[in-house]
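# Examining the three-dimensional arrangement
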Amino acid sequence: MNRAFSLYALFLILFLIFQHVQSANNIVHDTCKKIKAGDTDLNFDYCVKSLESNPESHKADLKGLGLIGLELLQGNLTSIVEYIEELLKQKWEPRLRDALSLCLDVYSTNEGQDQIPAYKAKLYDDVGSWASSVMTDEDTCDTQESQNEGMVPPLTKRNNEIVQLSTIVLGVLAILQGE
Ligand SMILES: *[C@@H]1O[C@H](CO)[C@@H](O)[C@H](O)[C@H]1NC(C)=O
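Each residue is numbered by its place in its chain's sequence as written, counting from 1. Residue-level local features of this predicted model are given only where pLDDT is at least 70; pairs of side-chain atoms are given and counted only at 80 or more, and the full residue set underlies all totals for whole chains, interfaces and linings. With hydrogens and water set aside, each side-chain value is computed from the structure's full complement of heavy atoms.

## Topic: the side chain of T140
The condition is simple: Under the scheme used here, helices are H or I runs from DSSP no shorter than 4 residues and strands are E runs no shorter than 2 residues, and both carry numbers assigned from the N terminus. We call two residues in contact whenever any of their non-hydrogen atoms come within 4.5 Å of each other.
With respect to the element layout, T140 can be found in helix α6 (residues 124-143). When neighbours within four sequence positions are excluded, T140 is seen to be in contact with L102, V106 and E145.

So, in structure tokens, the structure goes:
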């Protein structure tokens, strides 16, 4: 092989890799943009960052991104349940203890129900009702049936993540079902 040709081939390969990475990045951005268009509560930067936290997102299609979002939501749901269980081992004033217990009750109803088989089988309505119900859990926990958010301060940050991740999952499902 002559030298000019190898150089040419090298640049061509680099160019193709670059294009591939570009388009992979774009699917995360495009998807988060579409979700945000349908639901302004979505935090665009959080959406991009959370999906990109999984290296697979770079080669995923829309369905694959939905799977990544679902895994993150399920993981965060398990983690908030375990976190509340730990918190409840500490001393709290009665009002906050009751608030934490309500959060544990509602989140526990949807935790540990693996939705991945249903998602893979394209049972999008089923996965969607589960994700909506997680969002309702969050609302109940965070507002304690009042109009005000942030009623359980130790959980505010984690509750927000649950809302964002549910929004991502529901958003991808809506796009998948509209296709
Ligand atoms: C919760 O979601 C974030 C993405 O926003 C992710 O980085 C983190 O690993 C998730 N936690 C669990 C326990 O899955």
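That covers the picture; the talk isn't over yet.
## Digging into unusual backbone geometry
This is how it is decided: Throughout, exposure labels follow a simple rule: accessible area from a 1.4 Å probe, protein chains only, divided by the maximum for the residue type, with under 20% read as buried, over 50% as exposed, and the rest as partly exposed.
Positive phi outside glycine occurs at K122, with the angle close to 60°. Checked against the element boundaries, K122 lands in the loop between α5 (116-120) and α6. Among the residues examined, K122 registers a relative accessible area of 54% and is labelled exposed. Phi at E145 takes a positive value of approximately 65°, unusual for a residue other than glycine. On the secondary structure map, E145 appears in the loop between α6 and α7 (156-178).

## Re the site of the ligand
The condition that has to hold: Any residue with at least one heavy atom within 4 Å of a molecule or strand is counted as near it. We define a polar contact as two N or O atoms separated by no more than 3.5 Å, with the added condition that, inside protein, one atom must be a possible hydrogen donor and the other a possible acceptor, whereas residues neighbouring each other in sequence contribute only through side-chain atom pairs. Values of accessible area rely on a 1.4 Å probe in the Shrake-Rupley scheme; residue burial ignores everything except the protein chains shown. Gly falls in the polar group here, along with every residue not listed as nonpolar (Ala, Val, Leu, Ile, Met, Phe, Trp, Tyr, Cys, Pro) or charged (Asp, Glu, Lys, Arg).
Taken together, Y46, S50, L72, G75, N76, S79, E161 and L165 make up the full set of residues near the ligand. Between the ligand and the protein, one listed contact pairs an oxygen atom with a side-chain N or O atom of Y46 at 2.6 Å. Taking N76, its side chain carries an N or O atom lying 2.4 Å from an oxygen atom of the ligand. Contact with the protein chains hides 61% of the accessible area of the ligand, taken as 370 Å² for the molecule alone. Secondary structure elements with two or more residues in the shell around the ligand: α2 (44-52), α3 (62-87) and α7. Of all the elements, α3 adds the most residues to the shell around the ligand, at 4 residues. In the shell around the ligand, the residues fall into 3 nonpolar, 4 polar and 1 charged.

## Things to note about the environment of A174
By secondary structure assignment, the location of A174 is in helix α7. A relative accessible area of 48% means that A174 is categorised as partly exposed. Once the C-alpha coordinates of A174 and L100 are considered, the two residues, 74 residues apart in sequence, prove to be 32 Å apart.

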